[in-house]
Amino acid sequence: MMQVQDIVHLMGGRTVFDRPVKTALDLSRGLGEGVNVSALDHVASHVYADPTARRGLMLRVVPEGTLKRRLRDGRLTAVESERTARLANIITKAEYVWRDRQDAKIWLTTPHPELDNRPPIEAAVDEFGARLVEEILEAILHGMPA
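Residues numbered from 1 in each chain as written. Predicted model: local features only at pLDDT ≥ 70, side-chain atom pairs only at ≥ 80, totals over all residues. Heavy atoms only, no water.

Q: Before we move on, could you go through the pattern of salt bridges and cite the residues and values that matter?
A: Counted by the stated rule, this structure contains 9 salt bridges. The partner of Asp18 in a salt bridge is Arg75, and the shortest N-O contact between them spans 3.4 Å. Residue Asp18 is found in the loop between helix 1 (4-11) and helix 2 (24-33), and its partner Arg75 is found in the loop between helix 5 (64-73) and helix 6 (78-98); the two are separated by 57 residues along the sequence. Judged by its relative accessible area of 53%, Asp18 is exposed. As a salt-bridge pair, Glu127 and Arg131 come within 2.6 Å of each other at their nearest N and O atoms. Taken together, the positions of Glu127 and Arg131, both in helix 9 (residues 127-141) and 4 residues apart, correspond to about one turn of that helix. A relative accessible area of 39% means that Glu127 is categorised as partly exposed. (Salt bridge = Lys/Arg side-chain N within 4 Å of Asp/Glu carboxyl O. Helix = DSSP H or I, 4+ residues; strand = E, 2+ residues; numbered from the N terminus. Buried < 20%, exposed > 50% of the residue type's maximum accessible area, 1.4 Å probe, protein only.)

Laid out in structure tokens, this is it:
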């Protein structure tokens, strides 16, 4: 269900990568090289309009002191790029499941009981949390309670 072009678009499009990204392999290679730091802001802005909430999500991906350096240098590391893409992937999946950007945004930012009352977007920062969020989205897609 991963839609590479949707992920790339949500991250800010072609400008955040040093190469064209058309396939999952291209995406993986681009993330491995690190993406422009603006990708993180694009992803966080897609979910949070409030600057404080947006920055809070960004700081879950990249610690504050490191984020200041990344903003100065202009690039995320491979690990930070992968985390950013993971969030973009979760957002695109939520929008697919909910079929509405606003409904997906509300779901992503509302504490969920199956995630220890953490919002799905916050749980999705780490790999296993993202897997749990994907499982919940799959259940919703197939008619199980949200």
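Still to come is the rest of the account.
Q: Go over the nonpolar core with me, naming the residues and quoting the values.
A: Of all hydrophobic cores here, the largest spans 44 residues; its most connected members are Met11 and Phe17. Elements with a minimum of two residues in this core: helix 1, helix 2, helix 3 (38-47), helix 4 (51-61), helix 6, helix 7 (101-109), helix 8 (120-123) and helix 9. Per-element accounting of this core gives the leading share, 7 residues, to helix 6. In this structure, Met11 is in contact with Val16, Phe17, Leu31, Val35, Ser38, Ala39, His42, Val43, Ser81, Thr84, Ala85 and Ala88, ignoring residues within four places of it in sequence. (Core = buried A, V, L, I, M, F, W, Y, C linked by side-chain atoms within 4.5 Å. Contact = heavy atoms within 4.5 Å.)

Q: Tell me about unusual backbone geometry, and name the residues and values.
A: Of note in the backbone geometry, Arg99 takes a positive phi value of approximately 60° without being a glycine. With respect to the secondary-structure elements, Arg99 resides in the loop between helix 6 and helix 7. Since its relative accessible area comes to 61%, Arg99 is described here as exposed. The backbone of Asp116 shows a phi angle near 55°, a positive value even though the residue is not glycine. Structurally, the position occupied by Asp116 is in the loop between helix 7 and helix 8. Judged by relative accessible area, which is 70%, Asp116 ranks as exposed.

Q: A description of the packing of aromatic side chains should follow, citing residues and the corresponding values.
A: By the definition in use, this model includes 1 aromatic pair. When the ring of Trp98 is compared with that of Trp107, the centres are 6.3 Å apart and the planes differ by 45°; the resulting orientation is tilted. In this structure Trp98 comes out as partly exposed when scored by relative accessible area, which is 28%. What makes Trp107 buried here is its relative accessible area of 9%. Directly above the ring of Tyr96 sits Arg99, whose terminal nitrogen or CZ lies 5.0 Å from the centroid. (Phe/Tyr/Trp six-rings, centres within 6.5 Å; stacked < 30°, edge-to-face > 60°. Lys NZ or Arg CZ within 6 Å of the ring centre and 35° of its normal.)

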